[in-house]
Amino acid sequence: MLENLPPCPKCSCEYTYEMNALVVCPECGHEWVPAEGAGEGAAPAERIVKDSVGNVLSDGDTVVVVKALKVKGSPSGIKAGTKVRNIRLVDGTDGHDIDCRIEGFGAMQLKSSVVKKA
């Protein structure tokens, strides 16, 4: 945890706060990664997310669900073979590292281990 948080680079607000690995500005909503590791030599490597087959996923990809999934509050879950377009990779909780919108279910998070790149 950083003791002296940097001001917002967009609006220069001093009241920034930490949220997980990001620093957030409450005034303009800008989020960024603090540059505390800049003096340690090499820049940190970007996180690589792979699907169930081993293909590297990136933001905006289309994936296919490979396993039937139960959805809390829904009588029928997500069937295997469901296409999910325009995914977004996030640092989620409990291994849920894909943010997406599924037709008929709405916004939800998925694990990369239950999808295959289309």
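Keep in mind the model is a prediction, meaning the values are calculated, not measured.

J.: What am I meant to see in the confidence of the model for the chain here?
T.: Detailed reading of the predicted model is not advised wherever pLDDT is low. Within the chain, residue pLDDT values average 85, and 89% of them lie at 70 or more. The model gives residues 37-43 a pLDDT under 50, and that stretch makes zero contacts with residues more than four places away or in other chains.

J.: Honestly, the sheet that holds strand β3 (residues 31-32) in this entry has me stumped. Any pointers?
T.: Backbone-to-backbone hydrogen bonds join strands into a sheet, with any given pair of strands oriented parallel or antiparallel. Strand order across the open sheet formed by three strands is β1-β2-β3, with antiparallel pairing between neighbours. The outermost strands of the open sheet, each flanked by one partner alone, are β1 (17-19) and β3. Looking at chain direction, strand β2 (residues 22-24) and β3 are connected through two bridges and run antiparallel. Following the sheet pairing, V24 is matched in β3 by E31.

J.: Could you clarify how one ought to interpret the environment of V23 in this entry?
T.: Looking at where V23 falls in the secondary structure, it is placed in strand β2. Between the C-alpha atoms of V23 and L5, which are 18 residues apart in sequence, the distance is 7.8 Å. Residues within four places of V23 in sequence aside, it is in contact with L5, T16, Y17, E18, H30, E31, W32 and P34.

J.: Explain the pattern of salt bridges here, please?
T.: Opposite charge on two side chains makes pairing possible when the charged atoms of those side chains draw close. One pass over the full model with this rule turns up two salt bridges. Among the ionic pairs, R88 bridges to D99, the shortest N-O distance being 2.9 Å. With R88 in strand β8 (residues 88-89) and D99 in strand β9 (residues 96-102), this residue pair connects regions lying eleven residues apart in the sequence. The class of D99 is partly exposed, set by a relative accessible area of 23%.

Conventions we followed
- Residues numbered from 1 in each chain as written.
- Predicted model: local features only at pLDDT ≥ 70, side-chain atom pairs only at ≥ 80, totals over all residues.
- Heavy atoms only, no water.
- pLDDT = per-residue confidence, 0-100.
- Contact = heavy atoms within 4.5 Å.
- Pairing = 2+ DSSP bridges.
- Helix = DSSP H or I, 4+ residues; strand = E, 2+ residues; numbered from the N terminus.
- Salt bridge = Lys/Arg side-chain N within 4 Å of Asp/Glu carboxyl O.
- Buried < 20%, exposed > 50% of the residue type's maximum accessible area, 1.4 Å probe, protein only.

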